[in-house]
Amino acid sequence: MNNQNVSLTNTLEMKNNEKIYRELSKQFTDQEIVEGYVFPADLDELEKETIEAEFRALRLKALKESTEEQKQASS
């Protein structure tokens, strides 16, 4: 992928991330958004595995529901 394509892909991803943030910020505070996306360091192994499994399931669901354009932009 050349630099121009990388730049375009990064720009599209940033716009998508901004849209997601705007939607989340309607329902949650910045602190709640961060806590939802960053794993606390003081979790035990079972808690980490549970959270990671939930995250993977959500990520797979998002990938299955993404449009062809979104898939191309993320590759």
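No experiment lies behind these values; they were computed from the predicted model shown.

Visitor: Tell me about the overall build of the protein, residues and numbers included.
Guide: Along the protein, the regular secondary structure elements total four helices and zero strands. Secondary structure elements of the protein, listed N to C terminal, follow the sequence α-α-α-α. The buried share among the 75 residues of the protein stands at 8%. Looking at the protein as shown, the accessible area adds up to about 6800 Å², and 54% of this sits on carbon and sulfur atoms.

Visitor: Describe the pattern of salt bridges, listing the residues and the values that go with them.
Guide: Under the defined criterion, the tally for this structure stands at two salt bridges. Across the salt bridge formed by glutamate 23 and lysine 26, the nearest N and O atoms sit 3.2 Å from each other. Residue glutamate 23 and its partner lysine 26 are both found in helix H1 (residues 3-27); the two are separated by three residues, about one turn of the helix. Judged by relative accessible area, lysine 26 falls into the exposed class, the value being 64%. Residue glutamate 45 pairs with lysine 48 through a salt bridge whose shortest N-O separation is 4.0 Å. Residue glutamate 45 and its partner lysine 48 are located together in helix H3 (residues 45-65), separated by three residues, close to a single helical turn. In this structure lysine 48 comes out as partly exposed when scored by relative accessible area, which is 30%.

So, how was this worked out
- Position numbers for residues start from 1 in each chain and track the written sequence from start to end.
- Totals for whole chains, interfaces and linings use all residues, but because this is a predicted model, local features are given only for residues with pLDDT of at least 70 and pairs of side-chain atoms are given and counted only at 80 or more.
- Side-chain numbers here rest on the full set of heavy atoms in the structure, without hydrogens or water.
- Starting at the N terminus, helices and strands are each numbered in turn, a helix being any DSSP run of H or I of at least four residues and a strand any DSSP run of E of at least two.
- Working definition: with a 1.4 Å probe on protein chains only, accessible area under 20% of the residue-type maximum means buried, over 50% means exposed, and in between means partly exposed.
- Each accessible area is a Shrake-Rupley result for a 1.4 Å probe, and residues are judged covered by the shown protein chains and nothing else.
- A pair is scored as a salt bridge if a Lys or Arg side-chain nitrogen falls within 4 Å of a carboxyl oxygen belonging to Asp or Glu.

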